[in-house]
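Okay, here's what each chain looks like letter by letter:
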Amino acid sequence: MMFALLLMLLMAIAHQPGLIGASFRAVFSRLDRTYADAARDLYTNILLLIFRLGTLAMALQTLFFGTGTFSILTFLLIVAGLGVLQLLKWLAMQSIAKIFLSVRALEEPLSFLASLQLLTSIVVYPVTLLLIDYNWLWVCAVLLAAVYVAYLVLLLIRMIRIFMTKPISILYIALYIMTLEIVPFVGVCLAVQYLMSPIN
């Protein structure tokens, strides 16, 4: 399964050679660079979506279930859950933009978010391999937690740069981080634990 996910990433890179560099610049550059410039077509976006969701699903399944109990059904359920979560997050952001901002105002944060998610998945991939091959549960759990914290910090910094126009804006940004990032992710983790309970 991990090889298939890596293949998806390599196919996306082969189709869009500047993909990783553009994503890195979008996340860490002070300039307003966009992930969309390197990945506009549906083919590349589908490959990257499968890689991102599949990598995170493998990390969660291995972390909660261990290496000896892999189930393709459980894996697909986690992928489906993450996919629904991603869709709901996108719909929520579109709704917020239509009510309070404009759809165009979301172009930079959405492109940044896609770049950040891709780079995060690339970092999570080798950690998941370590977890599968060596079963270093606590080491990998700490590494994955550190990656998630770094993801939230980078996201918070960029959101402040984009939307911090008034002091009240920090409240809106905090609400976004909580309601569309932290709470849903915790929900997915709890759902995975629920799936795990019949096994135990």
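Residues numbered from 1 in each chain as written. Predicted model: local features only at pLDDT ≥ 70, side-chain atom pairs only at ≥ 80, totals over all residues. Heavy atoms only, no water.

Here we look at the overall build of the protein chain
Summing up its helical and strand segments, the protein chain has seven helices and zero strands in all. Ordered by position from N to C terminus, the α and β elements of the protein chain give α-α-α-α-α-α-α. Split into buried and exposed, the 200 residues of the protein chain put 38% on the buried side. Total accessible area on the protein chain stands at roughly 11100 Å², and carbon and sulfur atoms take up 74% of it. (Helix = DSSP H or I, 4+ residues; strand = E, 2+ residues; numbered from the N terminus. Buried < 20%, exposed > 50% of the residue type's maximum accessible area, 1.4 Å probe, protein only. Areas by Shrake-Rupley, 256 points an atom, 1.4 Å probe, with all protein chains shown as cover.)

Topic: the environment of Asp 41
Among the secondary structure elements, Asp 41 is positioned in the loop between helix H2 (19-28) and helix H3 (42-65). Residue class for Asp 41 comes out partly exposed when judged on its relative accessible area of 22%. It is 9.8 Å that separates the C-alpha atoms of Asp 41 and His 15, two residues lying 26 residues apart in sequence. Leave out the neighbours within four places in its chain, and Asp 41 touches His 15 and Gln 16. (Contact = heavy atoms within 4.5 Å.)

A short note on the confidence of the model for the protein chain
Looking at the protein chain, pLDDT values average 78 and 75% of them are 70 or higher. By mean pLDDT, helix H7 (residues 169-196) is the weakest element of the protein chain at 69, and helix H1 (residues 2-15) is the strongest at 90. Below a pLDDT of 50 lies the segment residues 31-39, which in the model reaches 24 contacts outside its immediate sequence neighbourhood of four places, other chains included. (pLDDT = per-residue confidence, 0-100.)

Description of a nonpolar patch on the surface
Taken together, the side chains of Met 1, Phe 70, Ile 72, Leu 73, Leu 76 and Leu 77 present a nonpolar region at the surface, about 570 Å² in accessible area. Among the residues examined, Leu 73 registers a relative accessible area of 56% and is labelled exposed. (Patch = residues over 30% accessible without salt bridge, like charges linked within 9 Å, V, L, I, M, F, W, Y side chains within 5 Å. Salt bridge = Lys/Arg side-chain N within 4 Å of Asp/Glu carboxyl O.)

Side note on the side chain of Thr 120
Turning to its location among the elements, Thr 120 is positioned in helix H5 (residues 107-134). Those residues in contact with Thr 120, other than ones at most four positions away along the chain, are Val 147 and Tyr 151.

So, the packing of aromatic side chains
A complete count under the given rule lists three aromatic pairs for this structure. On the basis of an interplanar angle of 15 degrees and a centroid distance of 6.2 Å, the ring pair of Tyr 148 and Tyr 151 is categorised as stacked. Note that Tyr 148 and Tyr 151 are positioned in helix H6 (residues 137-163) at a spacing of three residues, about one turn of the helix. Its relative accessible area of 22% is what places Tyr 148 among the partly exposed residues. (Phe/Tyr/Trp six-rings, centres within 6.5 Å; stacked < 30°, edge-to-face > 60°.)

Side note on the nonpolar core
The biggest cluster of nonpolar side chains holds 22 residues, and the ones touching the most others in it are Leu 5, Leu 48, Phe 51, Ala 57, Leu 60 and Leu 118. Residue contributions to this core peak at nine residues, all from H3. In contact with Ala 57, other than residues within four places in its own chain, are Phe 75, Ile 78, Val 79 and Leu 82. Counting eleven residues, the second largest nonpolar core, distinct from the first, contains Leu 119, Leu 152, Leu 155 and Ile 177. (Core = buried A, V, L, I, M, F, W, Y, C linked by side-chain atoms within 4.5 Å.)

Details of H1
For H1, which comprises 14 residues, the first-to-last C-alpha distance of 20 Å matches the rise-based estimate of 20 Å (1.5 Å per residue) to within 8%. If you check which residues of H1 are buried, you get Met 2, Leu 5, Leu 9 and Ala 12. Each buried residue of H1 sits inside an arc of 90 degrees when the element is viewed along its axis, so together they form one side. Within H1, the exposed residues directed more than 90 degrees away from the buried face are Phe 3 and Ala 14. (Expected span 1.5 Å × (residues − 1). Arc of directions from axis to C-beta.)

What about the environment of Phe 75?
Locating Phe 75 in the fold gives a position in helix H4 (residues 72-100). Note: C-alpha distance between Phe 75 and Leu 60 (15 residues apart in sequence) is 9.1 Å. If sequence neighbours within four positions are ignored, Phe 75 has contacts with Met 1, Gly 54, Ala 57, Met 58, Gln 61 and Phe 70.

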